[in-house]
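Structural description and commentary
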Amino acid sequence: REMGLPIANIICGCNDNGGIWDLLHHGALHTDAVAEQTLTPAGDHTVPPDLERLIYATMGEEETRRFLEACATGRTYRPPEARFEELRRGMYAGVISGNRMESIIRSFYNTSTYMMDPYSALAYCSLQDYRTRYAVGRTALVLSEKSPAHAASIVARSLGISVEELSDRVTILRQGQYIDDMPTKDTNAQEMTNMMVGHSVTLNIERPEPVDPKPRI
């Protein structure tokens, strides 16, 4: 935006760890909060990794130092009221649950045949919330950094299909080396596992119930 791009607002999509939402909407960030594990682990942070850069760009070096001191000591960070609007200007954050994220992956695919990855779904849901709240319908650009393939099990579950049904072909790697590729319909989980490992593997392992278990830690 500072380079001259015509960007009116930057919208951040958060999972249940909505630290940036707390900061932008309530003016406080609890740096000592414990992150919840979600379906989008790259967003499982109480303090967003690039927040330091945003604070530096909007409020300068001295305020960035104060923010980093709060993080180092586990204190709640609150930007000065006089400069808080500088941080919030042109920024919006949405907090999206895992259930809603999966729902939007399914509904978006059903209406457009476009397959979203979980992180794109967070961003798109946040865009929907922004448009609803402010009645803004201008063109938006959703930045999608990952392929649906990186979270195939989540995408498949959202669409109500198996992981195998997501692809036309499958490529087998073993220790980073190409082994083979084939149509997905012509293989199965057992064959793919054997090729990845290099020998036959038993997928269904029966484990006996422990006898007289004792705590060891």
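Scroll up to find the structure this text is about.
Heads up: these notes are all about the structure in this document. (Residues numbered from 1 in each chain as written. Predicted model: local features only at pLDDT ≥ 70, side-chain atom pairs only at ≥ 80, totals over all residues. Heavy atoms only, no water.)

1. Looking at a nonpolar patch on the surface
Taken together, L5, I7 and I10 make up a surface patch of nonpolar side chains, about 240 Å² in accessible area. Within the element layout of this structure, I7 appears in the segment before β1 (10-14). Given a relative accessible area of 34%, I7 falls into the partly exposed group. (Patch = residues over 30% accessible without salt bridge, like charges linked within 9 Å, V, L, I, M, F, W, Y side chains within 5 Å. Areas by Shrake-Rupley, 256 points an atom, 1.4 Å probe, with all protein chains shown as cover. Salt bridge = Lys/Arg side-chain N within 4 Å of Asp/Glu carboxyl O. Helix = DSSP H or I, 4+ residues; strand = E, 2+ residues; numbered from the N terminus. Buried < 20%, exposed > 50% of the residue type's maximum accessible area, 1.4 Å probe, protein only.)

2. Quick notes on the pairing of strand β6 (residues 177-183)
The pairing of strand β5 (residues 169-174) with β6 spans 6 bridges and is classified as antiparallel. Opposite R174, over in β6, you have Q177 as the bridge partner. Between β5 and the antiparallel strand that follows it, β6, lie 2 residues; Q175 among them carries a positive phi value of about 50°. (Pairing = 2+ DSSP bridges.)

3. Some points on the environment of M101
Tracing the backbone through its elements, the reader meets M101 in helix α5 (residues 98-112). A sequence separation of 57 residues divides M101 from S158, and the C-alpha atoms of the two residues are 8.7 Å apart. Setting aside anything within four residues of it in sequence, one finds M101 in contact with L39, T40, I96, P118, A121, L122 and I154. (Contact = heavy atoms within 4.5 Å.)

4. Some remarks on the nonpolar core
In terms of nonpolar packing, the biggest core is built from 16 residues, with I20, L23, L51, I55, Y77 and L87 touching the most fellow members. Those elements giving two or more residues to this core turn out to be α1 (19-26), α2 (51-59), α3 (61-73), α4 (81-88) and β4 (91-95). In terms of residue count, the dominant contributor to this core is α2 (4 residues). When residues no more than four places from it in sequence are discounted, the contact partners of L51 are I20, L23, L29 and F67. I96, M116, C125 and L159 belong to the second-largest nonpolar core, a separate cluster that totals 12 residues. (Core = buried A, V, L, I, M, F, W, Y, C linked by side-chain atoms within 4.5 Å.)

5. With respect to the packing of aromatic side chains
Think of a pair of aromatic rings as described by two things: how far the centres are apart, and how the planes are tilted against each other in angle. The full count for this structure, using the stated rule, is 6 aromatic pairs. Centroid distance Y92 to Y134: 6.0 Å. Interplanar angle 85°. Geometry classified as edge-to-face. Of this pair, Y92 sits in strand β4 while Y134 sits in helix α6 (residues 118-134), and the two are 42 residues apart along the sequence. On the accessibility criterion, Y134 (42% relative accessible area) is partly exposed. Residues F108 and Y124 carry aromatic rings whose centres are separated by 5.0 Å and whose planes lie at 70° to one another, so their mutual orientation is edge-to-face. One end of the pair, F108, is in helix α5; the other, Y124, is in helix α6, and 16 residues separate them in sequence. (Phe/Tyr/Trp six-rings, centres within 6.5 Å; stacked < 30°, edge-to-face > 60°.)

6. Some remarks on the layout of surface pockets
One way to see where empty space is left: roll a probe the size of a water molecule over the atoms. The space that makes up the largest pocket amounts to roughly 2200 Å³. I10, I11, C12, M91 and L143 are the residues nearest the centre of the largest pocket, which is lined by 49 residues in total. For the lining of the largest pocket, the elements supplying multiple residues, two or more each, are β1, α1, α2, α4 and α6. A breakdown of the residues in the lining of the largest pocket according to their chemical character gives 27 nonpolar, 12 polar and 10 charged. The volume enclosed by the second largest pocket comes to roughly 360 Å³. Lining the second largest pocket are 17 residues, with A152, V163, E164, S167 and V170 sitting closest to its centre. Contributing elements (two or more residues each) for the lining of the second largest pocket: β5 and α8 (189-197). (1 Å grid on protein atoms, 1.4 Å probe; cavity = no way out; pocket = protein on both sides within 12 Å on 5 of 7 lines; lining within 4 Å. Points joined across faces, edges and corners; volume = space filled by probe spheres on them. Nonpolar A, V, L, I, M, F, W, Y, C, P; charged D, E, K, R; others polar.)

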